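Residues per chain, in single letters:
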Amino acid sequence: MASFFFFHLSFFFFVAVFSLVSHFSIVTSLTFSLSHFHTNPSQNSYLNLNFLVSSSLTRALHLKHQQSNITTQLSSHSYGGYFISLPFGTPPQTIPFILDTGSDIVWFPYTSHYVCKNCFFSRAPPEIPTFIPKHSSSSKHSSSSKILDCQNPKRSWIHHRNLQCGGCGDEPTSRNCTQVCPSYLIFYGSGVTGGIALSETLNLPDKTIPCFLVGCSVFSYRQPAGIAGFGRGQTSLPSQLYLNKFSCCLLSHKFDDTTKTSSLVLDIGSDSYSGMKTTGLNYMPLIKNPRVPGRKPDNDGNGGTIIDSGTTFTFMPPQVLEPLANEFIDQMKKKKYTRAFDVEDLTGLRPYFNIPAGDQKWVLFPELKLHFKGGAEVALPPENYFALVGQGSAVCLTVVTDKAESVGPAIILGNFQMQNYYMEYDLRNERIGFKQQVCK
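Since the model is a prediction, treat every value here as computed from it, not as a measurement.

Side note on a nonpolar patch on the surface
Next, step 1: A cluster of nonpolar side chains, Val115, Leu185, Phe187, Val218 and Phe219, forms an exposed patch at the surface whose accessible area comes to about 370 Å².
Next, step 2: Going through the elements one at a time, β9 (184–187) and β11 (207–221) are the ones with two or more residues in the nonpolar patch.
Next, step 3: For Phe219, the location among the structural elements is in strand β11.

Spelled out as structure tokens, the structure:
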């Protein structure tokens with residue numbers, strides 16, 4: 001099972017204060033550009049919202065209904081996400097990856113024969129960038145590629161520990177066993193990918209990581225780019241790099257499909273890591289193996305809150321969202337705004353309100369306050385939980401829900417709610433810190 005970043009969260013409607021956590025001191029670090037990976041299927045804003053609602057719900061259902069017999073079970077769908085570029089191989093081949101804090105495995109499209117069904121882009125590139133292995137006849141190939149076999153102890157990272165390789169009998173680690181490690185199949189909220197595991201060289205600035213475990217997908221459905229899992233499992237990029245912490249700042253979605261970027265910082269650190277908190281950040285503790293009943297995660301991992309950079313709109317169960325939405329409705333009605341029920345039916349978001357012409361710049365939105373364990377509070381600006389559509393003629397609350405049984409994470413914080421927030425995942429000290437800032 002993939003590992004999440006769990007933390008405790010409570011909230012109520014009041015004056016805006018939304019905090020997430022982050023801290024990190026200056027040690028050895030690597031910085032990468034972080035930019036949008038946005039693939040809207042339509043130029044119609046209402047249809048785009050409906051698409052993002054559908055994909056956010058599908059993603060939430062997947063995260064909440066994991067199957068224990070699926071190897072790598074979580075990842076971001078590409079829509080409304082963020083991506084980074086990483087160079088793999090010898091010589092290096094730079095491949096774009098979607099940043100995903102909700103899954104573990106790192107994988108890229110593999111060989112020139114890679115097939116992706118129903119992969120569409122708002123700005124379609126001439127081809128999907130793929131990694132070329134060493135056995136290719138192409139001049140662009142990697143000499144450090146090695147397909148994982150049954151002798152490699154890392155096979156248990158992506159398969160069950162009791163994995164049996166065909167033709168190897170009861171001793172899959174025997175020198176006589178040269179069977180290639182079985183292929184993987186990874187299910188995501190809105191798609192699937194499959195391929196084989198590879199041991200490859202990851203080339204970072206001034207640092208080379210040999211024998212990095214990476215998935216090589218030969219086919220995908222609705223997964224138009226590779227995914228870099230930043231979860232807490234063994235296969236994730238932070239785990240394989242033994243990071244002390246990593247931090248990023250998520251650009252506003254108004255920069256979708258532009259060349260604007262922000263930074264992702266990987267702190268590879270050393271024994272000199274101080275662990276001191278960064279000034280100005282609000283902190284809350286992470287929960288690695290939750291064992292607390294009630295609203296907190298139970299023994300089966302149900303409940304609690306996770307942060308998922310691969311989800312666009314935040315998911316809340318009905319018992320949490322309904323009181324919140326009702327409070328929004330009451331406050332907006334007091335401001336004399338009327339419900340736009342037709343737009344709610346069209347987009348799948350609620351509540352929606354009509355905004356009279358000329359009022360767009362003067363609308364006073366209700367504010368949201370979230371409380372985190374440890375006393376952290378962070379203010380969400382209105383643009384992080386309200387969306388103006390139809391040239392500003394309507395406004396909606398960008399939180400989704402469903403009526404399904406409440407299993408898995410209770411609340412999934414999506415990237416729309418974390419725009420223009422600096423977030424730091426302090427893995428060494430099991431905490432996460434946040435502060436609001438303009439990301440650039």
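Looking at the pattern of salt bridges
Next, step 1: With the rule as written, the count across this model stands at five salt bridges.
Next, step 2: Across the pair Glu424 and Lys245 runs a salt bridge whose closest N-O atoms are separated by 3.9 Å. On the criterion of sequence distance, the pair formed by Glu424 in strand β25 (residues 421–426) and Lys245 in strand β13 (residues 245–249) is long-range, its members being 179 residues apart. As far as the burial class goes, Glu424 and Lys245 line up, both buried.
Next, step 3: In this structure, the salt-bridge partner of Arg339 is Glu344, at a minimum N-O distance of 2.8 Å.
Next, step 4: Take Glu344: its relative accessible area is 10%, and that puts it in the buried class.

Section: the environment of Ser239
Next, step 1: With respect to the secondary-structure elements, Ser239 resides in helix α3 (residues 237–240).
Next, step 2: What Ser239 contacts, discounting residues up to four positions off in sequence, is Gly231, Arg232, Gly233 and Gln234.
Next, step 3: A polar contact is formed between the side chain of Ser239 and the backbone oxygen of Gly233, at a distance of 2.7 Å.
Next, step 4: Among the polar contacts made by the side chain of Ser239, one reaches the side chain of Ser236 at a distance of 3.1 Å.

Topic: the nonpolar core
Next, step 1: Counting residues in each nonpolar core, the largest one holds 73 residues, and the members touching the most others are Phe88, Phe97, Phe108, Phe212, Phe230, Leu241 and Leu266.
Next, step 2: Per element, the largest residue contribution to this core is five residues, and it comes from helix α4 (residues 318–334).
Next, step 3: For Phe88, the residues in contact, after removing those within four places along its chain, are Gln93, Phe97, Val106, Phe108, Phe131, Glu200, Thr201, Leu202, Asn203, Phe212 and Val214.

What about empty space enclosed by the protein?
Next, step 1: For the structure shown, the criterion picks out one cavity of 30 Å³ or more.
Next, step 2: Space inside the largest cavity adds up to approximately 70 Å³.
Next, step 3: Every residue along the wall of the largest cavity is listed here: Thr314, Met316, Leu324, Leu368, Leu370, Leu380, Tyr385, Val399, Leu413 and Gln417.
Next, step 4: Broken down by class, the residue content of the lining of the largest cavity amounts to eight nonpolar, two polar and no charged.

Topic: the sheet that holds strand β18 (residues 352–354)
Next, step 1: Read across the sheet, three strands follow the order β18-β22-β21 without closing on themselves; strand pairing throughout is antiparallel. Two strands bound the open sheet, and with one partner strand each, they are β18 and β21 (386–389). Sheet twist, expressed as the mean angle between neighbouring strand axes with direction ignored, is 25°.
Next, step 2: Here β18 pairs with strand β22 (residues 394–397) via three bridges, running antiparallel. Paired with Asn354 across the two strands is Ala394, which belongs to β22.
Next, step 3: Each of β18, β21 and β22 is contacted by α4, which is oriented at about 150° to β22, the strand it contacts most.

Here is what the cut-offs are and how they apply
- Residues numbered from 1 in each chain as written.
- Predicted model: local features only at pLDDT ≥ 70, side-chain atom pairs only at ≥ 80, totals over all residues.
- Heavy atoms only, no water.
- Patch = residues over 30% accessible without salt bridge, like charges linked within 9 Å, V, L, I, M, F, W, Y side chains within 5 Å.
- Areas by Shrake-Rupley, 256 points an atom, 1.4 Å probe, with all protein chains shown as cover.
- Salt bridge = Lys/Arg side-chain N within 4 Å of Asp/Glu carboxyl O.
- Helix = DSSP H or I, 4+ residues; strand = E, 2+ residues; numbered from the N terminus.
- Buried < 20%, exposed > 50% of the residue type's maximum accessible area, 1.4 Å probe, protein only.
- Contact = heavy atoms within 4.5 Å.
- Polar contact = N/O pair within 3.5 Å; in protein donor to acceptor, adjacent residues only side chain to side chain.
- Core = buried A, V, L, I, M, F, W, Y, C linked by side-chain atoms within 4.5 Å.
- 1 Å grid on protein atoms, 1.4 Å probe; cavity = no way out; pocket = protein on both sides within 12 Å on 5 of 7 lines; lining within 4 Å.
- Points joined across faces, edges and corners; volume = space filled by probe spheres on them.
- Nonpolar A, V, L, I, M, F, W, Y, C, P; charged D, E, K, R; others polar.
- Pairing = 2+ DSSP bridges.
- Axes fitted to C-alpha atoms, helices over the stretch in contact; angles between N-to-C directions.

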